[in-house]
Amino acid sequence: MTLPLILLAILSLYVGFLMKDMVIGFGSPFVVFGGNELHHSIESEFIPVWIK
Amino acid sequence: MEGPTPVSALIHAATMVTAGVFLLLRTHPIWGSSPLVVLVIAILGATTAFFGATVGLVQNDIKKVIAYSTCSQLGYMVFAIGVGAYNLSLFHLFNHAFFKALLFLSAGSVIHAIIDEQDLRKMGALIRQQPTTYTSILIGSLALMGTPFLTGFYSKDGIIEIAYGSYNIEGTLGHWLLCLSAGFTGFYSLRLLFAVFLADSQGNRQVLTLAHEPK
């Protein structure tokens, strides 16, 4: 039982960082079922600093 | 959506409840060009996230707390679909699968250790008996809360930023509701952690002394 817990704990720590550039990275060719979110993802880079 | 804990881990993290989100993602060419449907999806997602988080605050069953947090995170994903961020929604689904599976398996470990007791009010002081489980729930909760540089942060923060960055009524509504939900998420995750591991024990002394990590 300890082994899956440790495995999932390590993945929970690092998966977001490791996959970020691939899945939501700017200019990444990874597109979900032909969706287009380029507009919003660029827009959200320019929101006020105190909101970020 | 009830079952033995490993089954909960499977259905909440990967297969059953997230299937709706996947269906929405998969069918977006059908409804994606209808502004009304998109608006309804965004509002539904944001209110679900808020509702799930507020219900999760007041549950006393350890599995129900985690289940309502799943409900809340599904709201985040549906909202992301509603504002057109399909990649981000899939990313949150993917990340959520990892830390929610971790949380459910750890909860199973706790429930098993104190002889099938699920009530948070009858737990406490398990940190000595179950250090590995405590660490797992701590890591899972921190990832769920969106602690910077952990898994949940990258997708949740992205969804909240996109909510603000869409500059329309559902985006602003979503931004407020999701920020509040993120706060509630932090509260009920820490409440669970304190009630199970750090608070004084409210349970049977004999059960507590025999509690141990599952073999």
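This one's a predicted model, so the numbers in the text were calculated from it and none came from an experiment.

1. With respect to the overall build of chain B
Scanning chain B from N- to C-terminus turns up ten helices and zero strands. Counting from the amino terminus, chain B carries its helices and strands in the arrangement α-α-α-α-α-α-α-α-α-α. Against the 2.2 N^0.38 benchmark of 17 Å for 215 residues, chain B shows a C-alpha radius of gyration of 18 Å, consistent with a compact globule. For chain B, the C-alpha atoms occupy an extent of roughly 60 × 25 × 25 Å along the three principal directions. Going through the 215 residues of chain B one by one, you find that 53% of them count as buried. The contacts of chain B with a sequence gap of at least 6 include a subset with a gap of at least 24, amounting to 76%.

2. Focus on the overall build of chain A
Secondary structure summary: chain A contains two helices and zero strands in total. Going through the 52 residues of chain A one by one, you find that 23% of them count as buried.

3. Brief notes about the interface of chain A and chain B
Tallying the contact residues gives 29 residues for chain A and 43 residues for chain B. Elements with a contribution of two residues or more to the side of chain A that touches chain B: helix 1 (2–23) and helix 2 (38–43) of chain A. When residues in the side of chain A that touches chain B are grouped by element, the largest group, 14 residues, is from helix 1 of chain A. Classifying every residue of the side of chain A that touches chain B by side-chain character gives 17 nonpolar, eight polar and four charged.

4. A short note on the environment of His12(B)
All names here are of chain B. With respect to the helices and strands, His12 occurs in helix 1 (residues 5–13). Look at His12 and you get buried, because 27 C-beta atoms sit within 10 Å. Taking C-alpha positions, His12 is 9.3 Å from Ile66, a pair spaced 54 residues apart along the chain. With near-sequence residues (within four places) excluded, His12 lies in contact with Val17, Ala67, Thr70, Lys100 and Phe104.

5. Some thoughts on the nonpolar core
All names here are of chain B. Counting 73 residues, the largest nonpolar core has Phe79, Ala80, Ala101, Leu102, Ile159, Leu178 and Val196 as the members making the most contacts within it. When residues in this core are grouped by element, the largest group, 16 residues, is from helix 6 (residues 86–113). If we skip the residues at most four places from it in the chain, Ile159 touches Tyr76, Phe79, Ala80, Ala85, Leu88, His92 and Leu178.

6. Points about helix 5 (residues 62–82) of chain B
Each turn of an α-helix holds 3.6 residues, which means side chains three or four residues apart point in the same direction. All names here are of chain B. Compared with the 30 Å implied by 1.5 Å per residue over 21 residues, the 31 Å span of helix 5 between its first and last C-alpha is a close match. In terms of burial, helix 5 is a largely internal element, 19 of the 21 residues being buried. Downstream of helix 5 by a residue or two, Gly84 has a phi angle that is positive, lying close to 90 degrees.

7. Focus on the packing of helix 1 of chain A against helix 8 (residues 151–165) of chain B
Taken N-terminus to C-terminus, the directions of helix 1 of chain A and helix 8 of chain B make an angle of 50 degrees; their axes are 5 Å apart at the nearest point. Between helix 1 of chain A and helix 8 of chain B, the interaxial angle falls into the category oblique. When helix 1 of chain A is examined against helix 8 of chain B, the residues Ser12(A), Leu13(A), Val15(A), Gly16(A), Phe17(A) and Lys20(A) are found in contact with a partner set consisting of Thr151(B), Gly152(B), Phe153(B), Tyr154(B) and Ser155(B). Class assignment of the residues belonging to the contact of helix 1 of chain A with helix 8 of chain B gives a composition of five nonpolar, five polar and one charged.

8. Structural notes on the confidence of the model for chain B
Residue and element names in this part refer to chain B. For chain B, per-residue confidence averages 88 on the pLDDT scale, and residues scoring 70 or more make up 99% of the total. At the low end of the mean pLDDT range in chain B sits helix 10 (residues 205–210), at 76; at the high end sits helix 4 (residues 35–57), at 93. With a pTM of 0.90, the predicted complex shows an ipTM of 0.85.

9. A closer look at helix 8 of chain B
Look at helix 8 of chain B: 22 Å from first C-alpha to last across 15 residues, which is about the 21 Å you get at 1.5 Å a residue. With 13 of 15 residues buried, helix 8 of chain B lies mostly within the body of the structure.

10. Side note on the environment of Leu25(B)
As for its placement among the helices and strands, Leu25(B) is situated in helix 2 (residues 19–26). Along the chain, Leu25(B) and Ile159(B) lie 134 residues apart, while their C-alpha atoms are 15 Å from each other.

Reading the values: the criteria
Residues numbered from 1 in each chain as written. Chains lettered and ligands numbered in written order. Predicted model: local features only at pLDDT ≥ 70, side-chain atom pairs only at ≥ 80, totals over all residues. Helix = DSSP H or I, 4+ residues; strand = E, 2+ residues; numbered from the N terminus. Rg over C-alpha atoms; globule rule 2.2 N^0.38 Å. Buried ≥ 20, exposed ≤ 12 C-beta atoms within 10 Å, placed from the backbone. Contact = placed C-beta atoms within 7 Å. Nonpolar A, V, L, I, M, F, W, Y, C, P; charged D, E, K, R; others polar. Core = buried A, V, L, I, M, F, W, Y, C linked by C-beta atoms within 7 Å. Expected span 1.5 Å × (residues − 1). Axes fitted to C-alpha atoms, helices over the stretch in contact; angles between N-to-C directions. Parallel < 35°, antiparallel > 145°, perpendicular 65-115°, else oblique. pLDDT = per-residue confidence, 0-100.

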